[in-house]
Each structure stands twice: as structure tokens, then as C-alpha cells.
Amino acid sequence: MASSSEAEILRVSQVIRDRWKIKSKIGGGGFGEIYEAADLQNHNESVAIKVESSKATKQVLKMEVAVLRRLQGKRHACKFYGCGRNDEFNYLVMSLQGKNLADLRRETPRQCFSLSTSIRIAHQILEGIREIHSIGFLHRDIKPSNFAMGRSTSNQRTVYMLDFGLARQFLNQKGEMRSPRSAAGFRGTVRYAAVTAHKNKEMGRQDDLWSLFYMLTEFIQGSLPWRKIKDKDEVGRMKENVDLNSLLEECPHELHQFALHLRTLGYLDTPDYDYLDRLLSQVERENGITQEDPFDWEIN
Ligand code: ADP
């Protein structure tokens with residue numbers, strides 16, 4: 001606590017609702033804090049608890065809870081164990097996963113993943129994005145730190161989608177597309193944001209997929225051309241004017257087709273997820289990649 005300017009919301013050994021005992025802090029992002037805790041009512045099973053101060057100006061945990069509840073049963077969603085609020089904080093209890101993909105990439109010697117790891121991870125993220133879109137929500141902050149590998153033997157090869165703090169419903173109660181707003185504030189993370197977000201326009205389903213595309217390119221090549229640029233507008237212009245041939249220099253040609261499909265899509269269009277899935281399968285086939293290949297972090 002000495003090193004952080006703000007006091008932490010929970011302390012080690014604190015017990016929430018007579019059930020979850022806080023063990024350690026594992027993350028503190030933009031909006032909340034994430035802790036590992038032991039479930040006293042279930043053999044001390046490890047869980048993750050996300051908390052947000054009741055005084056936080058932007059209350060997003062309610063949205064996260066709503067999205068995570070609707071995602072229950074989907075392959076790439078954490079299990080929902082409970083939620084609640086008191087005078088001090090709001091909390092969400094979910095299954096605890098392993099390392100996020102940003103940390104895993106940082107730990108590699110060249111800051112990149114092998115083609116096999118990159119493509120298979122991207123394939124799972126595509127499925128995850130399809131799952132959240134299927135319940136009528138956009139994620140709007142697709143980036144490596146918002147995906148984690150499972151941590152038990154049964155799920156350590158599965159990718160989990162985290163953080164629905166910026167999610168937005170794109171379907172109304174009747175299941176129709178909500179009309180786009182003429183202007184929307186920038187949401188997301190500059191490095192991975194789609195051009196639509198840079199332009200402060202309403203994001204659509206293709207924009208989550210643009211972020212996946214940038215992630216995948218970075219996984220394979222180790223960096224993106226705008227990596228060192230701080231100015232959001234400058235990054236937006238670079239993305240808009242990017243030459244796909246030079247951006248994708250070391251990538252399989254299917255990624256070019258991936259981007260060309262995204263370029264055809266506007267807010268109202270449904271992306272052709274099957275086509276994108278087939279492109280990734282084709283890369284796997286052409287490069288002899290199989291599901292049994294070890295992931296980079298499994299090799300030692
Ligand atoms: P914020 O909205 O504050 O950025 P996130 O939900 O993105 O918080 O979580 C921040 C980090 O905490 C993630 O990058 C991940 O490393 C870790 N984390 C979040 N949820 C879990 C979880 N269920 N299991 C394991 N780690 C998690």
C-alpha cells in the first residue's frame with residue numbers, strides 16, 4: 001500500500017459475506033481492483049473478486065455483472081459465483097484464471113508468439129467475440145490483457161475473456177440493432193482500438209474484430225507500427241492509411257483477407273464469423289498447426 005497513491009479497497013484476510021477470504025491483489029486496472037480469494041464454503045477453492053469503490057465516479061461493475069451472467073455456459077466466460085454491494089464497495093466473484101496474454105507475450109524472448117500459438121489463441125478469441133456478440137453486446141476493449149488462460153489442468157488450454165467494463169448492448173429488447181449515435185466518446189485502448197473508435201463514432205461488431213486483428217498481427221510480429229506513438233489521433237491516422245502489405249509483412253496471406261473482409265463492414269452489418277474462422281483454419285492447415293501443438297509457454 002505504501003507504493004500506491006490510493007488506499008486499496010480490500011485488505012488481506014478480510015472476509016466478504018462470511019464466505020470469501022481475500023488472499024492477495026492480482027490486478028488493478030482502470031476501474032477496479034482484482035483479488036484472489038479463498039471460498040471458505042467450498043474447500044477454500046481459489047476465486048477472483050473484482051471490486052469497485054462505491055465512490056467511483058464511473059460505476060461499471062453492474063454492467064460487468066449483467067454481461068457475465070448472460071455469458072454463463074459459454075466456453076470463453078469465467079464462471080459467475082456471486083455479486084453484491086455495501087456502503088464501501090461493489091463486488092463480483094468469478095472463477096480465477098491464469099496469466100493474461102499481455103504478460104505471457106512479455107515473458108517471451110522476442111515479445112512474440114509462434115505462428116501456431118498466435119493463430120490458435122486468435123481462433124479462440126474469435127469464438128469468444130462471437131459469444132459476446134451472440135448475447136447482443138460488444139466488448140469494446142479487446143486487448144491481450146483482457147484475455148487469460150485457464151489455470152487448472154482441465155482448462156489451462158482455454159482462453160477466457162475478461163473485463164466487460166466497456167461493454168455496450170447493440171441490440172434492443174426486441175433484438176433489433178440500436179440506432180447508432182452520431183458521436184460517441186473514445187472507448188478502449190489506443191494500440192488496439194479500431195479506426196471507428198479513433199473517430200469517436202459508434203462502434204459495431206467489426207470493431208471488436210479489428211482489435212483482434214491488431215492483436216494477432218502483434219502476436220506474430222512482436223509489435224505494431226504505432227507502438228511508440230502516444231497521440232491518439234496520430235495512431236488513428238496511421239491505422240486508416242496503413243498499407244496492409246507492409247503491416248502484414250511476416251504474416252500469412254489469410255490475414256490480408258481477414259482485414260479486407262472487415263473493411264467491407266459498417267455498423268449495421270453482421271460480420272461473416274464463419275469466413276474468418278475458415279481463414280484461421282486455413283492458416284493452421286497450411287502450416288501443419290494442430291491443436292496438440294504445445295503453446296509457447298508450455299515449452300521449457
Ligand atoms: P480493469 O477493468 O480494472 O482493467 P480487468 O477486469 O481488466 O480490470 O482485470 C485486470 C487484470 O486482472 C487482468 O488483466 C488479469 O490479469 C487479472 N484478472 C481479472 N480477472 C481475472 C480472473 N477472473 N482471473 C484471473 N485474473 C484476472
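Everything below is about the structure printed above this text.
Remember, it's a predicted structure, so these values are computed and weren't measured experimentally.

Draft legend 1. Molecular detail of empty space enclosed by the protein. Enumeration according to the criterion identifies 1 cavity of 30 Å³ or more in this entry. Estimates place the volume of the largest cavity at around 70 Å³. For the largest cavity, the lining is made up of 14 residues, of which Arg140, Asp141, Tyr192, Ala193 and Ser211 are closest to its centre. Taken together, the residues of the lining of the largest cavity break down into 6 nonpolar, 3 polar and 5 charged.

Draft legend 2. Region of the structure containing the environment of Thr158. Along the chain, Thr158 turns up in the loop between strand 8 (147-149) and strand 9 (159-161). Owing to a relative accessible area of 11%, Thr158 belongs among the buried residues under this scheme. Separated by 37 residues in the primary sequence, Thr158 and Ile121 have C-alpha atoms spaced 8.6 Å apart. Every residue in contact with Thr158, bar those within four places of it in the chain, is listed here: Arg75, His76, Gln124, Ala148, Met149 and Gly150.

Draft legend 3. Inspection of the site of the ligand at higher detail. Near the ligand lie 19 residues; those nearest to it are Lys50, Gln97, Asn100, Ser145 and Asp163. One nitrogen or oxygen atom from the side chain of Asn146 is found 3.0 Å from an oxygen atom belonging to the ligand. At a separation of 2.9 Å, an oxygen atom of the ligand approaches a polar side-chain atom of Asp163. Within the complex, the protein chains bury 90% of what would otherwise be the 550 Å² of accessible surface of the ligand. Assessed atom by atom at 2 Å from the grid points, the ligand resides in the largest pocket. Of all the secondary-structure elements, those providing two or more residues to the shell around the ligand are strand 2 (20-28), strand 4 (45-53) and strand 6 (89-95). Looking at the shell around the ligand residue by residue, the class counts come to 8 nonpolar, 9 polar and 2 charged.

Criteria and thresholds
Residues numbered from 1 in each chain as written. Predicted model: local features only at pLDDT ≥ 70, side-chain atom pairs only at ≥ 80, totals over all residues. Heavy atoms only, no water. 1 Å grid on protein atoms, 1.4 Å probe; cavity = no way out; pocket = protein on both sides within 12 Å on 5 of 7 lines; lining within 4 Å. Points joined across faces, edges and corners; volume = space filled by probe spheres on them. Nonpolar A, V, L, I, M, F, W, Y, C, P; charged D, E, K, R; others polar. Helix = DSSP H or I, 4+ residues; strand = E, 2+ residues; numbered from the N terminus. Buried < 20%, exposed > 50% of the residue type's maximum accessible area, 1.4 Å probe, protein only. Contact = heavy atoms within 4.5 Å. Near = heavy atom within 4 Å. Polar contact = N/O pair within 3.5 Å; in protein donor to acceptor, adjacent residues only side chain to side chain. Areas by Shrake-Rupley, 256 points an atom, 1.4 Å probe, with all protein chains shown as cover. Sits in = over half its atoms within 2 Å of the grid points.

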